[in-house]
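Reading the structure
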Amino acid sequence: MDKKFIAAVIVCVVALTAVATGTYFIGQKGNDVNLRKAQNTATTANEKNVEAAQKVIEETTTEGDRVADDKDYKGSTPGETEVVGANNNVVEANTESNAKEDEYMYGLSSEAAAQIKALEFNKKSELLWPVQGSIIMPYDMESTVYYSTLDEYRCNPGLVIQSAQGTAIKAAADGVITTLTEDDELGVCINQAIGNGYIATYGQVINPEVAAGDFVEAGQTIAYVNKPTRYYTKEGDNIYFAIAKDGKPIDPLSFIDYED
């Protein structure tokens with residue numbers, strides 16, 4: 001075959017291939033351009049829609065709405081802060097006052113607290129004997145008293161009064177029962193508020209007939225004499241009777257008609 005003819009055919013094939021390739025890339029470039037134009041158009045449309053929506057919100061939002069939003073975002077106004085602060089101060093003051101009242105009223109009900117406030121016991125008032133019997137160990141907080149069972153001298157903040165087991169113990173004054181407690185030395189104790197910060201305590205008792213919050217009258221049976229604890233075995237059957245004013249012991253004989 002003629003070499004010139006073959007060369008001409010090859011040149012034609014190369015030329016056609018180049019044309020096809022160029023056409024393909026031009027088409028791809030056109031598509032890319034069109035795609036970017038479409039994306040830019042969509043983005044522009046979205047931005048315009050957002051701007052339009054924001055404009056509608058601004059036009060329909062009232063001044064009151066803006067103030068409300070500012071409160072939600074920034075917190076209370078200065079005036080409201082002052083009111084809240086004042087209210088907190090009142091709550092704190094009331095809480096402190098209530099705590100003091102509860103402490104003074106021994107955590108009892110409001111009715112029992114009112115009864116305690118109404119009591120009028122004072123340094124000139126008189127007490128009844130809780131039991132009839134001789135004083136085994138006198139009150140003494142300045143020197144000491146001999147404890148036979150313990151074989152030692154100690155201060156004694158109350159009276160140890162001789163009495164037989166099972167003897168009824170009477171309330172020494174009108175008052176409200178605050179607590180019933182128990183310890184190794186005095187056994188079961190009944191504590192009674194008798195007014196103006198005075199508390200009467202009856203120890204080494206059994207079968208109490210009262211509970212915390214009960215109002216009792218002077219002379220009313222509140223319990224019975226128990227056998228002595230191991231601290232008082234040599235002293236024999238007895239009850240412990242004490243008076244305190246605001247937590248400070250006072251000689252019960254200061255309020256009882258007593259002849260030694």
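Residues numbered from 1 in each chain as written. Predicted model: local features only at pLDDT ≥ 70, side-chain atom pairs only at ≥ 80, totals over all residues. Heavy atoms only, no water.

**Looking at the pairing of strand β8 (residues 198–206)**
With 8 of 9 residues buried, β8 lies mostly within the body of the structure. By the bridge criterion, 7 bridges tie strand β7 (residues 187–195) to β8 in an arrangement that is antiparallel. Within the sheet, the bridge partner assigned to A193 lies in β8 and is I199. Count of turn residues in the β7/β8 antiparallel hairpin: 2 residues, of which N196 carries a positive phi of about 55°. Pairing between β8 and strand β11 (residues 238–245): 6 bridges, direction antiparallel. Looking across to β11, one finds that G203 is bridged to Y240. Summarising the sheet, β8 and strand β10 (residues 221–225) pair through 2 bridges and their orientation is antiparallel. Paired with I206 across the strands is Y224, a residue of β10. (Buried < 20%, exposed > 50% of the residue type's maximum accessible area, 1.4 Å probe, protein only. Helix = DSSP H or I, 4+ residues; strand = E, 2+ residues; numbered from the N terminus. Pairing = 2+ DSSP bridges.)

**Concerning helix α4 (residues 110–118)**
All of the buried residues in α4 are A112, A113 and I116. Projected down its long axis, α4 shows its buried positions confined to an angular sector of 100°, all on one face. More than 90 degrees from the buried face of α4, the exposed residues found are S110, E111, K117 and A118. Check the buried side of α4 and you find it contacts β6 (175–183) and β7. (Arc of directions from axis to C-beta. Contact = heavy atoms within 4.5 Å.)

**Some points on the confidence of the model for the protein**
Per-chain confidence: the protein averages 77 in pLDDT, with 60% of residues scoring 70 or above. Predicted confidence is poor over residues 67–74, with pLDDT under 50, and the contacts of this stretch with residues over four places away or in other chains come to 3 contacts. Scored below 50 in pLDDT, residues 94–104 shows 4 contacts in the model against residues more than four places distant or in partner chains. (pLDDT = per-residue confidence, 0-100.)

**Concerning the layout of surface pockets**
Here the largest pocket defines a volume of roughly 190 Å³. In terms of lining, the largest pocket is formed by 13 residues, of which the most central are I199, I243, A244, D246 and G247. At the level of elements, β8 and β11 are the ones that each hand at least two residues to the lining of the largest pocket. Among the elements that make up the lining of the largest pocket, the one with the highest residue count is β11 (4 residues). For the lining of the largest pocket, the class distribution of residues is 9 nonpolar, 3 polar and 1 charged. (1 Å grid on protein atoms, 1.4 Å probe; cavity = no way out; pocket = protein on both sides within 12 Å on 5 of 7 lines; lining within 4 Å. Points joined across faces, edges and corners; volume = space filled by probe spheres on them. Nonpolar A, V, L, I, M, F, W, Y, C, P; charged D, E, K, R; others polar.)

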